Amino acid sequence: MRATLRLGGHGDNGVSTGQGTLGRGCVNGVPGTGGNRGRPCGGTVPPPIPVPAAWQRPYLNIFKHFRVEEWKRSAREGDVAALTDARLKGTVYRIRGSIPASNYLQLPRTGTQSLGLAGRYLYLLFRPMPRKHFVVHLDVATQENQVVRISFSTLFKEFKSTATWLQFPFLCGAAEGSLGDGAARRDLMGAAPADVRWTCLVLDLPSILSLYLSRRYSHLKSVKLCSNLLVKNLCTSDLVFDPGVTFSEARRADLACRGVAPMPREMAFPVPRGQKWHDLYDYIRFPSEGSKLSYDSIQKICPGPAAGGQVSKDPQPVTLTKAVRDRLSLIHQITSPKAMPRRRPVITRSIPEVHLTAPGSPAAVPSGDQELEKTQRPHSAGDIGQSAAVGDGGIHVYAHQRSERTIRATHTGSEERLLPDPILKLRMIIGFGGCSTKWALWTRNNAAVVYPCHAVIVTLQIQTGEQRFFIGHTDKVSALAFNGNSTLLASAQAGPLSVVRLWDFPTGTCLSVFKTHVCSLLSLSFSYSGAVLCGVGKDGHGKTLVVVWNAAQVTRGGEVAVLAKAHTDVDIQALKIAFFDDTRMVSCGRDNIRLWRVRSGALRSCPINLGEYHSLEFTDLAFEEGHAAEREPEDRMLFVCSKSGHVLEVDYKNVCVRTVRRLLPAESRGCQRQDKAGPGIAINSISFSSTFCATGSEDGYLRLWPLDFSAVVLEAEHEAPVSSVCISPDSRKVLCTTAAGNVGYLDIQSQGYNTLMRSHEDSVLAFSVEGIWKQMATVSQDNTIRVWDLASMQQLYDFTAADEMPCAVAFHPTQRVLACGFDSGMVRTFSLAASNLLVEHKQHRTVITGLTFSPDGNFMFSCCLQGTLALYSCMAQKSHVLRVLGNVVARDAGSGPDALVVSGDSRLLAFVGPSKYVVTVMEACSLDELLRVDISILDLNSTALDSAVRVCFASAPRGELLVSTSSNKILVLDAKTGRLVREVSPVHKLSCSSLALSKDGRYLLTAGDKVIKVWDYRMRFAVNFQVYIGHSEPVRQVAFTPDQRHVISVGDAIFLWDFLALPAERSPRAEAPSSESALLPGAEGSSEKLKDASETPRQTVPLPLLSSPPCLDVSSVHQAGCQSIFSESDKEEEAGLPGSSRMVANGDKDASVRVVESVRSEELLVVRPKVGRESSRSPGESANAAGPELFPGTASHRDCFLLSVAEPRKETKSPKSQCSVRPDSYRHFTPRFKASVLPQNLLSPPAGSEVLKLKGVIGYNGNGRGNMVWNPDTGFFAYTCGCVIVVEDLHSGSQNHWLGHTEEISTLALSHDAQVLASASGRRSGDSHCQIRIWNVQDGVCTASLFHHETQVQAMAFSRDDRFLVTLGDYSDQTIALWNTYTYKLISSTCISEPVHDVAFSPFSHRDLACVGKGAMMFWLLEQQGADVNLKVHRVPAPDVLGPVELTSLCYGDDGLLYSGTNSGQICVWDTETNCCFMTWEADEGEIGVLVCGRDRLVSGSNTKRIRLWAVAAVQELRLKGADARSSSVLLEHEITLDGTIVSAAFDDSLEMGIVGTTAGTLWYINWTESTSIRLISGHKNKVTEVCFSPDETHCATCGEDGSVRIWSLGSMELVVQFQVLNQSCQCLAWKPHPVVAWGAESQHVVAGYSDGTIRIFSISRTEMELKMHPHAVALTAIAYSTDGEMILSGGKDGLVVVSSPRTGMTIHILAEHKGSPITVLQCTRKQYWDFGVEGGELWLATSSDRRVSVWASDWLKDKCELLDWLSFPAPAGPEGLGSLPPSLAAFCPWEPGTLVYVGFGMQKEALFYSLRKKQVVEKISLPYFATSLSLSPAAHFMAVGFSEQLLRLLRCPSSEAQDYAGHDDTVHLCRFAPSGRRLLTASHSAVLLWELTAS
């Protein structure tokens, strides 16, 4: 018996079996589906197929036979219409509508009729509507007269099964080989794609019923086709129709003998001459022929019919279809890279035949390979003998083997999954009951007891304490019963789908699972023989139901059948089968005792006349034990007990009450009559042996009585009522259970009581484990805190809180101190040594959601539901408060036991907050904020904001932070920089409730949806996790024990698992990314150092910690949209309290306590100016000047205020609401996070002497907002890429580049006369404000630089007359600034108490402007009188009908109209004369972030990737109706879907044409008149990983983390071809060099290496992939061609270098000299054959990240490869101030043969020239920083070096003359010279820059 229950495969279907494993062998049963109705057994034999009537042969055209067009024998509902399809040249039926249940076509007309079609195959000819969902229902009848519904739909996310319903997901466009591939299936699930094809779906109905339900098919009863789809026809037949075979071909191949026929003409799709059917349409057969396994989705598996299709003896080359070529060349949709399975290297010993095939080819896979794919488990990409993974963008390479044995030899299953399997073994469960505490049984040998613990049945050995488990129930167990000799165990499951399981008790095997048809089964009783089982429960109407089952055949493989059942109105509390007769039962309940008997299939009962005792509440009954030979078997006494203390002795044979006794407590015990006074003992349970009786009562006593009840023989008192008693078979022990969840037994001989199990009475909320004393503490909803011994799992302590519920608990790591948080907000610490309370902390007022100690024991942290975070010092045993912060922990993220986590080195604290979208990292000792990561922006493709749920630190060397999110992902972040390292998705069906990482960082635990998963943290396998079930409620917390030998999970009970993983082997030194000092550079001043390194702006000024006596420091970070006001009184301002400069400067001398209270205001908007920095006023005067001047308006406009500024002035910080929570809007700009900093100094070349000139920029920054401008009148067109403004001529394609910004540009604004451009970028390191630059469009000269906003500029706009410029700060800045465009001086600055997203000036008045924010529109009026400026604002809330929304975008329309978009997809129309909204309409499903209006048309763009054109001519007329206006007159004229979220747009005045930018890094030209969209500018969305030139320098190639390889024309800077591999990251590439023979277009190739270890070779001229190899088990990091192009050298992350042949795909060499350290560089160069004393005409080097370089000489034709030199460069032990080590890079020096250049982390920042002949360093060139990229010019003596300081340096050698160049906004991680040396490519994140050398 295995104590674990593990689910294999890719999904979490929750199916469980009796033996504890799913995925191997047969499923014994599925709860709720009947026996053997889950996944089918491997050897299922289909039952006999019914023979259809003659009129149904050879096929039946259903639509024709039932005359669907007449609608007499069929029914339609909703939008169903008959159309003529031009392509199919016939009538089709269109079914569409948003609700499938209301739009359908049904056959037959009513549900009472039946089609009666007995054909085996159902053919459905249909086409799903693009981007829509559809549903199809088929009702089929079985030979058991049961109706089963078979449904398939794109709406279904997973396969579901019940006894009467099968639900299959339908996957549109599934590629070959994708079946079972979880990642591929997730990509294909959902609505139909735009290019979905007409499909012939063949359903084998008998096989479906046989495989999934073990039923025999009878006939098809009805069909219901629901929206949205087009249907041509339906057909049934016993024949397999092959649509790709003609009648003549069928006759020649004699396919009829195999049951295969050509498709009948009236059912066939038309195929034009010269084309093939499979190239035009899809054919899906389900289940596929010969399959012994069930698939959990319907999708395209093989290109043609599996049965009787064409059998290919030899693989044949197949030409790519145009659809595949198109999909390969220019992929519009860019997907993020996903982690893929990795395999160890496969060394090919023989050369296979390689053929390129495409989906849709009927001869793609030979039949032998098809059979192999069906019978083997799914493998990772690259397995020989089967198709590649779907990640190849639809192109697959098959290497067909001749020998079947060879094929199977390559499937190394042990490397495909996480080992050992299982990795967890259930050791012990602390818990009892769940549904009821009355069920506990003795085994026949008296050695063990059996009891339920929620969904698990536990067998506990009373001597050893060992537990054995029966796992299979999916809900709580409500009843148990043994047969007479304890060989059969029956268990009932509570819940609406109540089932009963019968177990073979000695082996633990589940023999049968069957439904009870009872909603809640309360009692079970087995007959002594085990042949009859009886149960009592309630039916769906609440009536009592008694059911009797025949279980006689179950031990011989038979089924359980219902013998009889009966409804009754009487109450039944207990029912037992008479041990002397299987057909007789006895029951008791309130007011009744009844005898039951089964006779002739009927269950009948008769009551016993109770006389004066008829009103008693009877609770339990027991038969007299023993038997005398002279008495008949039924001559028995029956004892029935009651709540009043009465025990009735019933004569069973004569059906009468013989004796009545009343048992009284204390002094009145004994045999008492009814006339005795006083209350009796409320007896809950009674049990009899042959010599004595045991009772359990409500007063907590277990009592032993003689059979005459004359006196109490023995008793045991409990703290809670006794629920049940049971005398052991040997009559020596009495088992007892209590309502408090305790199980124990009384030993009669020793008169001792032994407690077997104590448990919580309610759900366990959290636990904590300490490793010194091996103890565990738990808190529960039963208001108790319990401490357990980990070795014995016995309870040591029990603390009870009467009026409070403990909700968080934590052990001190070194002291015997326990901390507990309560729902009242109290935090208490207890001393376990003294068993007393140490201290109470009252810093919180609501439920404690997080409580933890730092691992070193110095600090304790707590947080509550209000978002307050507290820091305590625990140096002494009594802790005290150090600091309290308000509103920093998320209120809306939900509570959990691990809401606060501390890193292993006790230096960092992480949590979710201030909102659920943000994860914050603080310095643990001071609570100084170090890092914020916005989770919601990490997936730009998502239309919904992702939020964080749980966080967890990885082990210290890794420096990683794990975040589980609401979208079922786990994000692995760099804890120092916040960079996304990788993600795992999906983790659970529901959100992950807890996660924990092992100390060695090898294994990850997650909990969610009632299951536990164990993951390989490095994700190295095809299946990286194992799933374990057993909990019946959500798992609240899961964690490793301190010794890493066990795992504990809590929820409904406490589960202790053995962790079976082998101990970690000593890993290579190079695997550690960095030392601890690299993560946090020292304890002193560490917060400042880390802040500077990450460049994260601090949101509040940190106040110094106050020493003894401790004072409370309460800070507050306000939630988004709270409209809170920081207000200080006049006295506070005069005293210099927080808010004045003096307070900040002298904060450490002021012992005052800073308490900031938030003031909520629903209507009020406080507007205040900022204080002038250059003012000479005193601090007190400045504070007074900063006070708001409030001018209340009228009653109807009470929130209209006036701001008066006497003179233009710049300003400093003023008190304002620090609303640092990112709003729920994608429109709000968030800069891409980067860890690079600006250089200290720059060696800029003198004007006119620049060697490098920026020639072109590849890319558009899709992360910007409004960062593209176009003026249709002048043709001026500009956009941003990183920190560069690209001005492009749309006619010639030539570019000009405006440099000056050093950070990412967020937005642009163009004046109305197109003469001035404003650009804004973030704050540079060291600056206090971000930068706005003003450019003269004519000459591209920057005329002014403006500094005002503190963080980012969200939007900018020029006034109608271009006199004013308004700039809008982001959610952290919250200021609006107004500038004079003549002088560019600040006119006015206003601080707003809520984030604002967009701003616009009125096109009709320079005095009016508007901006949008959280739930409101703000109308501003500019008034100027002389030098004074008055600015009025009127805030108008959004209409109530919209609910709580963000207004995200706006634009002015016709005179008096203003349009605004919301984050929920509505567009509001405002009347600017009355400042009111008079009309709204639903314009999109997602957030509208862009609006452009022109004349009577409106363009909207949203995060659903759509732009829509609206006709709004009627809106002006509707304005007169005011609030009565309806949106029906607004018409949607056109819609175009692009490749990403819309972030910028510019159109001409008529909105006929324009340019639109998306988050995918693409700019599109849109022409509404011609309905066209043309890609103008494109680039990589994610980081570029490699760049290279073509040998002739006409093109260049780039690859990126988005999985794409892109070829660009250097003349036009346009994308020529793109090769896309889905779900992979392309890490490196190389262009094939000039061959020895003449250079031709056909020989241009690019090789690329991917993150899954594969190598793909692409032909540029043919735009196709020619070969795919899989030589590496891990991600590739470097790749290069040999100098003659005949070999490919590739290096991996594990340090292996592989030499492969691009012609054959063979692996020639595997070199392991660098093993353990990633390869960073591979480079080849020519040499003289005997040069250096070794053979070979080629010299090549390999560099690894451990600062080692190997140099090799090779002669590939002679298979020679010899190590020439091995270099190792020294480095200091601990790098200081570096977040990560710079790469090790080396290159051959072109102008010094036999010399190589090395840069990397070392003792000095320098470039080293090493001579291979002299074996020494011959030259050193000093560098300002450590290099991140290196390239040497093959022509002139130039060396290009890139740095993480955003700097590119060009060095002239050997003089070391240097020139520095700006233009990058991040680390320059790539630089590559062209072969001629005249051009240079550099890359910084996703931007690629092309430079030209102007001088040599």
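Before going into details, it helps to say that this report is about the structure given with it. (Residues numbered from 1 in each chain as written. Predicted model: local features only at pLDDT ≥ 70, side-chain atom pairs only at ≥ 80, totals over all residues. Heavy atoms only, no water.)

Counting residues in hydrophobic clusters, the biggest one holds 54 residues, and the most contacted among them are Ile423, Ile429, Leu735, Met776, Ile1048 and Phe1059. Discounting residues that sit within four places of it in the chain, Ile429 has contacts with Cys453, Val456, Val458, Gln467, Phe469, Met757, Ala1053, Ile1054 and Phe1055. Leu122, Leu124, Phe134 and Leu213 belong to the second-largest nonpolar core, a separate cluster that totals 48 residues. (Core = buried A, V, L, I, M, F, W, Y, C linked by side-chain atoms within 4.5 Å. Buried < 20%, exposed > 50% of the residue type's maximum accessible area, 1.4 Å probe, protein only. Contact = heavy atoms within 4.5 Å.)

For the rest of this paragraph, the subject is helix α3 (residues 205–213). With respect to burial, α3 is a largely interior element, nine of its nine residues being buried. Three or more residues of α3 are buried, namely Leu205, Pro206, Ser207, Ile208, Leu209, Ser210, Leu211, Tyr212 and Leu213. Positioned one or two residues after α3, Ser214 has a phi angle of 55°, which is positive. (Helix = DSSP H or I, 4+ residues; strand = E, 2+ residues; numbered from the N terminus.)

Turning next to unusual backbone geometry. Here the amide bond leading from Leu419 into Pro420 is cis, since omega sits at -5°, within 30 degrees of zero. Topologically, Pro420 is positioned in the loop between α8 (404–409) and β24 (424–430). The step from Ser985 to Pro986 runs through a cis peptide bond, and the omega angle for that step is -15°. Note on placement: Pro986 falls in the loop between β72 (980–984) and β73 (994–997).

With that out of the way, let us pick up a negative patch on the surface. A cluster of acidic side chains, namely Asp1454, Asp1455, Glu1473 and Asp1496, defines a negative patch on the protein surface. As for its position among the elements, Asp1454 is in the loop between β99 (1447–1452) and β100 (1457–1462). Using a relative accessible area of 32% as the deciding quantity, one classes Asp1454 as partly exposed. (Patch = residues over 30% accessible without salt bridge, like charges linked within 9 Å, V, L, I, M, F, W, Y side chains within 5 Å. Areas by Shrake-Rupley, 256 points an atom, 1.4 Å probe, with all protein chains shown as cover. Salt bridge = Lys/Arg side-chain N within 4 Å of Asp/Glu carboxyl O. Lys, Arg positive; Asp, Glu negative; His and termini not counted. Charge placed at Lys NZ, Arg CZ, Asp CG, Glu CD.)

Bringing the pairing of strand β54 (residues 775–780) into the picture now. Among the six residues in β54, six count as buried, and that is most of the element. Neither face of β54 is open: one carries Gln775, Ala777 and Val779, the other Met776, Thr778 and Ser780, and all of them are buried. In this antiparallel pair of consecutive strands, strand β53 (residues 764–770) and β54, the connection spans four residues, and Lys774 shows a positive phi of 55°. When β54 meets strand β55 (residues 784–789), the two strands line up antiparallel, connected through five bridges. The partner of Ala777 across the bridge, within β55, is Val787. (Pairing = 2+ DSSP bridges.)

Mapping Ser906 onto the fold places it in the loop between β65 (900–902) and β66 (908–912). On the basis of relative accessible area, Ser906 is assigned to the buried category, the value being 8%. Leaving out residues up to four positions away in the same chain, Ser906 has contacts with Ser854, Pro855, Asp856 and Ala924.

The four strands lie next to each other as β87-β88-β89-β90, forming an open sheet whose pairing is antiparallel. Looking along the sheet, the strands with just one partner apiece sit at the ends: β87 (1305–1310) and β90 (1341–1347). Going across the sheet, the axis of each strand differs from the next one's by a mean of 20°, ignoring polarity. Pairing of strand β89 (residues 1330–1336) with β90 involves six bridges; the strand directions are antiparallel. Within β90, the residue paired with Trp1335 across the bridge is Cys1342. (Axes fitted to C-alpha atoms, helices over the stretch in contact; angles between N-to-C directions.)

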